[in-house]
Amino acid sequence: MTFSSDIAFTPTVKAIQGRKGSRDAYARQEQRGGWATEIDAELKVFIESQTSVFLATANAEGQPYIQHRGGPRGFLQVIDSRTIGFVDYAGNRQFISSGNLADNPKAYLFLIDYALRRRIKIWGTAKVVEGDVGLTTRLMHADHKARAEQVILFTVTAWDANCPQHIPQRFEAADVAEALLAKDEQIAALKAELALLKKRQA
């Protein structure tokens, strides 16, 4: 019998889990259905709210490579319950991820939200789509000034969420600036109200 988590829990991994005492817990998880294989509503919201993602690929010889991709909220889009798409913006033009995917479609997405202290691991396959103007237009964020190089479509095989242990809590600079501005405006309003009260009392 196979389980969705077998994509990561190889026989060697399971043997190590058995030796270190965690296999029974993961076996019970497998019996309950294992990892999710489709994007649900909650995960969709999480994915589309991110401004950063790490894409892992490997070449034909198994050499791994991790590529960071960032953009405005919404640059990652859930197309359907098994597909995530995003525009691959022009960068240093090394095309390592593109070459790896041409030889080996297996891929992995790692998303981490420091503010929420949540991380999501997604296994699957990916492909590069070049020259599809309609798809690029659909996925391109309207207000983003980057130049589109191509599109990457990621097909989900399985996903899992990690616990927040050891994730430092950090916040986006833009979110902090917005919160500080709102606080400054509130302080200014209170000062104006206080000045008016003092004037009336005088």
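A. Inspection of the overall build of the protein chain at higher detail. Tallying secondary structure elements over the protein chain gives six helices and seven strands in all. In terms of overall dimensions, the protein chain is more spread out than a globule: its C-alpha atoms have a radius of gyration of 23 Å, far above the 17 Å expected for 202 residues. Taken across its 202 residues, the protein chain has 31% of its residues classed as buried. If you take every contact in the protein chain between residues at least 6 apart in sequence, the share linking residues at least 24 apart comes to 69%. Charge-centre separation for the protein chain: the mean point of 26 positive side chains lies 6 Å from the mean point of 23 negative side chains.

B. Geometry of the environment of I16. Tracing the sequence through the fold places I16 in helix α1 (residues 11-20). For I16, a relative accessible area of 36% puts it in the partly exposed group.

C. The nonpolar core, seen in detail. Among the nonpolar cores identified, the biggest contains 29 residues, and I47, L76, I84, L109, L111, I122 and F154 are the most heavily contacted of them. Mapped by element, the contributors of at least two residues to this core are α3 (41-48), β1 (52-58), β4 (83-89), β5 (106-113), β6 (118-129), α5 (133-139) and β7 (148-162). Per-element accounting of this core gives the leading share, six residues, to β7. When residues no more than four places from it in sequence are discounted, the contact partners of I84 are I39, I47, L76, Q77, L109, I122, I152, L153, F154 and V156.

D. Representation of the pairing of β1 within the structure. Most of β1 sits inside the fold, with five of its seven residues counted as buried. Looking at chain direction, β1 and strand β2 (residues 64-70) are connected through seven bridges and run antiparallel. Bridge pairing links T57 to Y65 in β2. Turn length for the β1-β2 hairpin, with the two strands adjacent in sequence and antiparallel, is five residues, and the turn residue G62 shows positive phi of about 90°. Bridge count between β1 and β5: three bridges; the pairing is antiparallel. When the sheet's bridge partners are listed, A56 is paired in β5 with Y108.

E. The arrangement of the sheet that holds β5 in detail. Within the open sheet, the seven strands sit side by side as β2-β1-β5-β6-β7-β4-β3. Their pairing is antiparallel. Looking along the sheet, the strands with just one partner apiece sit at the ends: β2 and β3 (77-80). With direction set aside, neighbouring strand axes in the sheet form an average angle of 35°. Note: β6 against β7, 11 bridges, orientation antiparallel. The partner of A126 across the bridge, within β7, is F154.

F. Geometry of the packing of aromatic side chains. All told, the structure shown has five aromatic pairs when counted by the stated rule. Aromatic ring contacts, followed pair by pair, group F9, Y26, W35, Y108 and W123 into a single cluster. Positioned above the aromatic ring of F46 is the side chain of R118, whose terminal nitrogen or guanidinium carbon lies 5.0 Å from the ring centre. We note R170 situated over the ring of Y114; from NZ or CZ to the ring centre the distance is 5.1 Å.

G. Broad picture of a nonpolar patch on the surface. Taken together, the side chains of F171, V176 and L180 make up a nonpolar region of the molecular surface, amounting to roughly 290 Å² of accessible area. Residue classification places V176 among the partly exposed residues on the basis of a relative accessible area of 36%.

H. Region of the structure containing the pattern of salt bridges. Applying the stated criterion to the full structure yields 10 salt bridges. Residue E30 is joined to K14 by a salt bridge in which the shortest nitrogen-to-oxygen separation is 3.9 Å. Placement of the pair is E30 in helix α2 (residues 23-31) and K14 in helix α1, with a sequence separation of 16 residues.

I. Local environment of the packing of α1 against α2. Remark: α1 packs on α2, axes separated minimally by 7 Å, with the N-to-C direction vectors making an angle of 125°. When the axis of α1 is compared with that of α2, the two are oblique. Residue-level contacts link K14, Q17 and G18 of α1 to R23, Y26 and E30 of α2. When grouped by side-chain class, the residues that make up the contact of α1 with α2 number one nonpolar, two polar and three charged.

About the cut-offs
- Residues numbered from 1 in each chain as written.
- Predicted model: local features only at pLDDT ≥ 70, side-chain atom pairs only at ≥ 80, totals over all residues.
- Heavy atoms only, no water.
- Helix = DSSP H or I, 4+ residues; strand = E, 2+ residues; numbered from the N terminus.
- Rg over C-alpha atoms; globule rule 2.2 N^0.38 Å.
- Buried < 20%, exposed > 50% of the residue type's maximum accessible area, 1.4 Å probe, protein only.
- Contact = heavy atoms within 4.5 Å.
- Lys, Arg positive; Asp, Glu negative; His and termini not counted.
- Charge placed at Lys NZ, Arg CZ, Asp CG, Glu CD.
- Core = buried A, V, L, I, M, F, W, Y, C linked by side-chain atoms within 4.5 Å.
- Pairing = 2+ DSSP bridges.
- Axes fitted to C-alpha atoms, helices over the stretch in contact; angles between N-to-C directions.
- Phe/Tyr/Trp six-rings, centres within 6.5 Å; stacked < 30°, edge-to-face > 60°.
- Lys NZ or Arg CZ within 6 Å of the ring centre and 35° of its normal.
- Patch = residues over 30% accessible without salt bridge, like charges linked within 9 Å, V, L, I, M, F, W, Y side chains within 5 Å.
- Areas by Shrake-Rupley, 256 points an atom, 1.4 Å probe, with all protein chains shown as cover.
- Salt bridge = Lys/Arg side-chain N within 4 Å of Asp/Glu carboxyl O.
- Parallel < 35°, antiparallel > 145°, perpendicular 65-115°, else oblique.
- Nonpolar A, V, L, I, M, F, W, Y, C, P; charged D, E, K, R; others polar.

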